Amino acid sequence: MAAMVAGALRRGSGYACGGFRCSSRLLAQSLRRFASTLVVAEHEGGFVKPSSLSALAAAEAIAEENKISVLLGGSGPSLHKAADHAASSHPLVSEVLIADSEALAHPLAEPWAELLHSVQQKGGYSHVIASSTSFGKNMLPRAAALLDVSPVTDVTAIKEPRVFVRPIYAGNALCTVKYTGEDPCMMSIRSTSFSPTAEAMSETKVAPITQVDLSFLSEGTTGKSTWVNLTSQDTERPDLANARVVVTGGRGLKSAENFKLLEQLAEKLGAAVGATRAAVDAGYVPNDLQVGQTGKIVAPELYMAFAVSGAIQHLAGMRDSKVIVAVNKDADAPIFQVADYGLVADIFEVLDELLKKIPDKK
């Protein structure tokens, strides 16, 4: 397997220009000049998901003149509608590749990894990027194994085309790593760390859409796992990973019935509802609402935490929130160390007052 090494050089180990440092600088400039990136995108309802738009922003951070290809898979009209969206989603997108097949209609790792392997073999991209969603975490390592490279995961910043920053120790430290393996440099990015471009696209600047050759798909490719079903809740609340406001509850809410108080508050604020792992394990809410190291990573404009103690694993999933408000009856709860505003009080009294005084959302 290709190696991935720590990228921070020891003091005094470099040389004057004309030696190692100068060569590294020239190499970085060369990589920027010839960068070509494949973004594995997700779509829903005919639109590219916000997490994948963040992946496009990450591709731009690799090189301003980066040649970006977007790969979309699935079947039916929604795929082609999403392709149209992707074609005009970013100024650097040079082509959109679509793989129209029922085998790719669901996020199964086996056929998607084979697809990515085939596309990379033909395209020869220098970088492959996916978001650190459940889909990306499932598919990317398998595809990397097929290509015999090591993926760099959970990237939060891009310093050079092959030098990245990623969190370690549940987000308590940031590690700078340098990828030294063969192409492609494969990585997953935290979508909360890369803001999608707000640049207006010209109506005439729309990338071409190309159908991918799927002759490599076979029974063996799709037979290792089978899609059963998707269970989701019908709600008008925003998606947890992309919400501007998140209201989260911990085990201190004591029951699933009490969690409905948070849902009422979320309805008034137009917010998403989150939960700690302890609340999920206790059966108060389903696990798709879990925020933290083993759940979803969020960075909303406002994060409200009720009865959340602030375990290190939970903080790893929300510490990048713009404003953090914590309510807990324990004045020594670790959550207060990262909160911008803290209130030591009974959460049920606070929720009752908030529900009375905040008007219903129109």
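What you see is a predicted model, and the numbers here were worked out from it, not measured in a lab. (Residues numbered from 1 in each chain as written. Predicted model: local features only at pLDDT ≥ 70, side-chain atom pairs only at ≥ 80, totals over all residues. Heavy atoms only, no water.)

Comments concerning the packing of helix α4 (residues 109–123) against helix α5 (residues 134–147)
Thinking step 1. α5 packs onto α4 with a crossing angle of 50° between their chain directions and a minimal axis gap of 8 Å. Between α4 and α5, the interaxial angle falls into the category oblique. The two elements α4 and α5 cross, and the hand of that crossing is right-handed. On the side of α4, the interface is formed by A109, E110, W112, A113, E114, L116, H117, Q120 and Q121, while α5 contributes F135, N138, M139, L140, R142, A143, L146 and L147.
Thinking step 2. Its residues placed into classes, the contact of α4 with α5 shows 10 nonpolar, four polar and three charged. (Axes fitted to C-alpha atoms, helices over the stretch in contact; angles between N-to-C directions. Helix = DSSP H or I, 4+ residues; strand = E, 2+ residues; numbered from the N terminus. Parallel < 35°, antiparallel > 145°, perpendicular 65-115°, else oblique. Left-handed = near helix turned anticlockwise from the far one by under 90°. Contact = heavy atoms within 4.5 Å. Nonpolar A, V, L, I, M, F, W, Y, C, P; charged D, E, K, R; others polar.)

Some words on the nonpolar core
Thinking step 1. Membership of the largest hydrophobic core comes to 60 residues, with the highest contact counts inside it found for L72 and L116.
Thinking step 2. The contacts of L116, once residues within four sequence positions are left out, are L38, V40, L71, V128, M139, L140, A143 and M186.
Thinking step 3. Of all hydrophobic cores here, the second largest spans 23 residues; its members include A271, A279, L289 and V350. (Core = buried A, V, L, I, M, F, W, Y, C linked by side-chain atoms within 4.5 Å. Buried < 20%, exposed > 50% of the residue type's maximum accessible area, 1.4 Å probe, protein only.)

A short note on the packing of helix α7 (residues 256–269) against helix α10 (residues 347–357)
Thinking step 1. Between α7 and α10, the shortest axis-to-axis distance is 10 Å and the interhelical angle comes to 35°. Taken as a pair, α7 and α10 cross one another with a handedness that is left-handed. Within the contact between the two elements, α7 uses N258, L261, L262, Q264, L265 and K268 and α10 uses F348, L351, L354 and L355.
Thinking step 2. Among the residues forming the contact of α7 with α10, the class breakdown is seven nonpolar, two polar and one charged.

Quick word on the environment of V246
Thinking step 1. Position of V246 among the secondary structure elements: in strand β14 (residues 245–249).
Thinking step 2. Sequence-distant contacts of V246, that is, excluding residues within four places in its chain, are made with L240, A271, A272, G274, P300, L302, Y303 and M304.

So, helix α3 (residues 77–87)
Thinking step 1. Looking only at α3, the buried set comprises L79, A82, A83, A86 and A87. Summarising the axial view, the buried residues of α3 lie within an arc of 140°, below the 170-degree limit, and thus occupy one face.
Thinking step 2. Contacts made by the buried residues of α3 are with β3 (43–44), β4 (47–48), β5 (67–74), β6 (93–100) and β13 (209–211). (Arc of directions from axis to C-beta.)

Quick look at the UniProt feature "binding site: FAD" (unreviewed entry) in the protein chain
Thinking step 1. Listed under "binding site: FAD" (unreviewed entry) in the UniProt record, and renumbered for this structure, are R251, T276, R277, Q290, V291, G292, Q293, T294, N328, D346 and I347.
Thinking step 2. As for its position among the elements, Q290 is in the loop between α8 (277–281) and β16 (302–306).
Thinking step 3. By relative accessible area, Q290 is classed as buried at 8%.
Thinking step 4. Residue contacts for Q290: discarding those within four places in its chain leaves A275, T276, R277, V280, G295 and K296.
Thinking step 5. Within the secondary structure, V291 is located in the loop between α8 and β16.
Thinking step 6. Sequence-distant contacts of V291, that is, excluding residues within four places in its chain, are made with L240, T248, G274, A275, K296, V298, Y303, H314, G317 and M318. (UniProt positions renumbered as here; feature names shortened; annotations may be inferred.)

Observations concerning unusual backbone geometry
Thinking step 1. In this model, D183 is joined to P184 through a cis peptide bond whose omega is 5°.
Thinking step 2. Relative to the assigned elements, P184 resides in the loop between β11 (173–179) and β12 (185–189).
Thinking step 3. Residues other than glycine seldom take positive phi values, yet D154 does so here, at roughly 55°.
Thinking step 4. Looking at where D154 falls in the secondary structure, it is placed in strand β8 (residues 152–155).
Thinking step 5. At A307, a position not held by glycine, the phi torsion is positive, near 60°.
Thinking step 6. Mapped onto the fold, A307 is located in the loop between β16 and α9 (312–315).

As for the pattern of salt bridges
Thinking step 1. Applying the stated criterion across every chain yields a total of 11 salt bridges.
Thinking step 2. Salt-bridge contacts for D213 lead to K122; the nearest nitrogen and oxygen are separated by 3.4 Å. You can see D213 sitting in the loop between β13 and α6 (219–222) and its partner K122 sitting in helix α4, a full 91 residues away along the chain.
Thinking step 3. Among the residues examined, D213 registers a relative accessible area of 42% and is labelled partly exposed.
Thinking step 4. Since its relative accessible area comes to 58%, K122 is described here as exposed.
Thinking step 5. For E353, the salt bridge identified is with K357, shortest N-O distance 3.5 Å. Note that E353 and K357 are positioned in helix α10 at a spacing of four residues, about one turn of the helix. (Salt bridge = Lys/Arg side-chain N within 4 Å of Asp/Glu carboxyl O.)

With respect to the packing of aromatic side chains
Thinking step 1. Here the structure, examined in full by the defined rule, presents two aromatic pairs.
Thinking step 2. Considering the side-chain rings of W112 and F135, the 5.0 Å spacing of their centres and the 80° angle between planes classify their relative orientation as edge-to-face. With W112 in helix α4 and F135 in helix α5, the pair connects residues that are 23 residues apart, well separated along the chain. There is no split in this pair, since W112 and F135 are both buried. (Phe/Tyr/Trp six-rings, centres within 6.5 Å; stacked < 30°, edge-to-face > 60°.)

Considering the pairing of strand β9 (residues 157–160)
Thinking step 1. Pairing analysis gives three bridges linking β9 to strand β10 (residues 163–168), with the strands arranged antiparallel. Bridging across to β10, A157 finds its partner in V165.
Thinking step 2. Adjacent in sequence and paired antiparallel, β9 and β10 are bridged by two residues. (Pairing = 2+ DSSP bridges.)

Examining the sheet that holds strand β15 (residues 272–275)
The strands making up a sheet are joined through hydrogen bonds of the backbone, oriented either antiparallel or parallel.
Thinking step 1. Pairing is parallel in the open sheet, where five strands are placed in the order β15-β14-β16-β17-β18. With partners counted over all chains shown, the strands left at the sheet margins are β15 and β18 (341–344), one partner each. Strand after strand, the sheet turns through a mean of 15° between neighbouring axes, direction not considered.

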